Amino acid sequence: MTLTELKYIVAVAREKHFGRAAEACFVSQPTLSVAIKKLEDELEVKLFERSANEVTVTPLGEEIVRQAQSVLEQAAAIKEIAKRGKDPLAGPLRLGVIYTIGPYLLPDLVRQSIALTPQMPLMLQENFTVKLLEMLRTGEIDCAIMAEPFPDTGLAIAPLYDEPFLTAVPSTHAFSALKTIKAEELKKETMLLLGTGHCFRDHVLEVCPEFARFSSDAEGIRKSFEGSSLETIKHMVAAGMGVTLVPRLSVPKEAFSTRPKRRGEDQAFVKYIPFEGDPPSRRVVLAWRRSFTRYEAIAALRNSIYACELPGVKRLS
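Fair warning: this is a prediction, and the values are worked out from it, not measured in the lab.

Participant: Give a detailed account of the overall build of the protein chain, specifying residues and quantitative values.
Facilitator: For the protein chain, the count of helices and strands is 9 helices and 12 strands. For the protein chain, the proportion of its 317 residues judged to be buried stands at 45%. Of the roughly 16,600 Å² of accessible surface on the protein chain, 54% is carried by carbon and sulfur atoms.

Participant: Please give an account of the packing of aromatic side chains that cites residues and values.
Facilitator: On inspection of all chains with the given rule, the structure shows 2 aromatic pairs. Aromatic pair F18 and F48: ring centres 6.1 Å apart, planes at 75°, arrangement edge-to-face. Here the residue F18 occupies a position in helix α2 (residues 18–25), and F48 occupies one in strand β1 (residues 48–50), the gap between them amounting to 30 residues. Taking the relative accessible area as the measure of exposure, F18 reaches 10% and is therefore buried. Measuring from ring centre to ring centre gives 5.0 Å for Y99 and F128, while their planes differ by 75°; the resulting arrangement is edge-to-face. Of this pair, Y99 sits in the loop between β3 (93–98) and α5 (102–116) while F128 sits in the loop between β4 (122–127) and α6 (129–138), placing them 29 residues apart in sequence. What makes Y99 partly exposed here is its relative accessible area of 32%.

Participant: Now, about unusual backbone geometry: what can you tell me, with residues and values included?
Facilitator: In the segment running from E148 into P149, the intervening peptide bond is cis, with an omega of 0°. Structurally, P149 is set in the loop between β5 (143–147) and β6 (156–170). Positive phi is not limited to glycine here, since K16 has a value of about 55°. Mapped onto the secondary structure, K16 falls in the loop between α1 (3–15) and α2. The partly exposed category is assigned to K16, whose relative accessible area is 39%. Even without being a glycine, F26 presents a positive backbone phi close to 60°. Along the chain, F26 falls in the loop between α2 and α3 (29–43).

Participant: Any chance you could break down α1 for me, citing the residues and the numbers?
Facilitator: Under the 1.5 Å per step criterion, the end-to-end length of α1 is 18 Å for 13 residues, consistent within 8% with the ideal 18 Å. Along α1, the residues classified as buried are E5, L6, Y8, I9, V10, A11, V12 and A13. Within two residues after α1, K16 carries a phi angle of roughly 55°, on the positive side.

Participant: So, the nonpolar core: which residues are in play, and what are the values?
Facilitator: Counting 71 residues, the largest nonpolar core has L95, L109, I145, M146, Y161, L286 and L301 as its most contacted members. By residue number, the principal contributor to this core is β6, which donates 8 residues. Those residues in contact with I145 that sit more than four places away from it in its chain are L95, G96, V97, I98, I101, L105, L109, L160, V284, V285, L286 and I305. With 20 residues, the next largest nonpolar core counts Y8, V10, A11 and V65 among its residues.

Participant: So, the side chain of T167: which residues are in play, and what are the values?
Facilitator: Considering the arrangement of structural elements, one finds T167 in strand β6. Under the relative-accessibility criterion, T167 is labelled buried at 0%. The residues contacting T167, other than those within four sequence positions of it, are I181, L186, T244, L245, K271, Y272, I273 and F275.

Participant: Describe in detail the pattern of salt bridges, supporting the description with residues and values.
Facilitator: A complete count under the given rule lists 15 salt bridges for this structure. A salt bridge links K37 to D41, with the nearest nitrogen and oxygen atoms 2.9 Å apart. Separated by 4 residues within a single helix, K37 and D41 lie in helix α3, roughly one turn from each other. The exposure class assigned to K37 is partly exposed, which follows from its relative accessible area of 44%.

Calculation rules
- Residues numbered from 1 in each chain as written.
- Predicted model: local features only at pLDDT ≥ 70, side-chain atom pairs only at ≥ 80, totals over all residues.
- Heavy atoms only, no water.
- Helix = DSSP H or I, 4+ residues; strand = E, 2+ residues; numbered from the N terminus.
- Buried < 20%, exposed > 50% of the residue type's maximum accessible area, 1.4 Å probe, protein only.
- Areas by Shrake-Rupley, 256 points an atom, 1.4 Å probe, with all protein chains shown as cover.
- Phe/Tyr/Trp six-rings, centres within 6.5 Å; stacked < 30°, edge-to-face > 60°.
- Expected span 1.5 Å × (residues − 1).
- Core = buried A, V, L, I, M, F, W, Y, C linked by side-chain atoms within 4.5 Å.
- Contact = heavy atoms within 4.5 Å.
- Salt bridge = Lys/Arg side-chain N within 4 Å of Asp/Glu carboxyl O.

Right, here's the structure in full:
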């Protein structure tokens with residue numbers, strides 16, 4: 001039994017496909033299949049049920065795969081311990097970020113990270129919360145920046161900041177003249193939502209639960225449309241298709257400028273309106289496996305995040 005063979009069975013269990021698992025491990029499919037068959041023969045158990053369309057893990061195989069993942073993490077920890085003895089910050093840090101944070105935090109974060117810890121490049125992965133949690137569990141990434149709440153998976157968590165939401169409306173909308181807005185005022189509007197899988201979609205529905213009704217004749221809402229990204233949603237708002245909620249860091253700086261437009265400058269087609277009183281918000285956190293040994297790397301990443309501008313959010317220690 002070798003670590004390579006354990007890596008192969010973990011990959012097949014994750015991908016549920018021998019071809020994709022081989023690609024993920026950078027080997028040919030025959031090489032991977034032969035190694036797994038060898039391991040099955042050695043253990044005298046069947047790890048996978050093979051069919052034409054999918055590979056499933058046997059009940060006993062699931063237990064063995066979990067143990068294999070643990071062994072691989074421990075083996076990686078040995079390497080990390082040795083590396084920490086030379087330089088705790090040496091080597092890449094694999095960071096996951098959800099889609100509604102990445103485009104707005106990463107440009108500044110990467111600059112700060114290069115300035116503060118050039119020996120620790122960030123290997124970035126953008127994905128949904130549920131996928132990042134799975135990648136943390138399997139050791140594919142070291143840490144992740146996500147928004148609460150998410151299932152308790154025994155991760156170590158450090159709060160980063162509380163980010164308020166704003167309402168985005170077309171500049172031609174009657175609401176565009178408002179200084180602040182109440183959630184109740186949005187009930188009769190056409191709401192633009194992110195598609196299923198985005199945690200920010202759930203945050204919007206918590207603020208405006210009326211929009212959970214997708215029937216076109218539902219009371220208080222005419223219809224809801226879905227977009228694949230916040231930027232796509234903003235373009236839909238600009239086109240006059242409806243209104244939406246956005247996190248503060250996604251709002252462009254010029255949206256808060258009081259300087260009159262100069263001749264030839266682009267006209268803003270979206271108006272961002274703060275909520276009246278205590279605004280709805282989301283808590284953004286940094287999460288990592290408790291078994292992850294590069295504590296200094298986590299601390300350095302937090303320092304890089306706090307070195308970012310982060311306009312309009314409440315920083316948390």
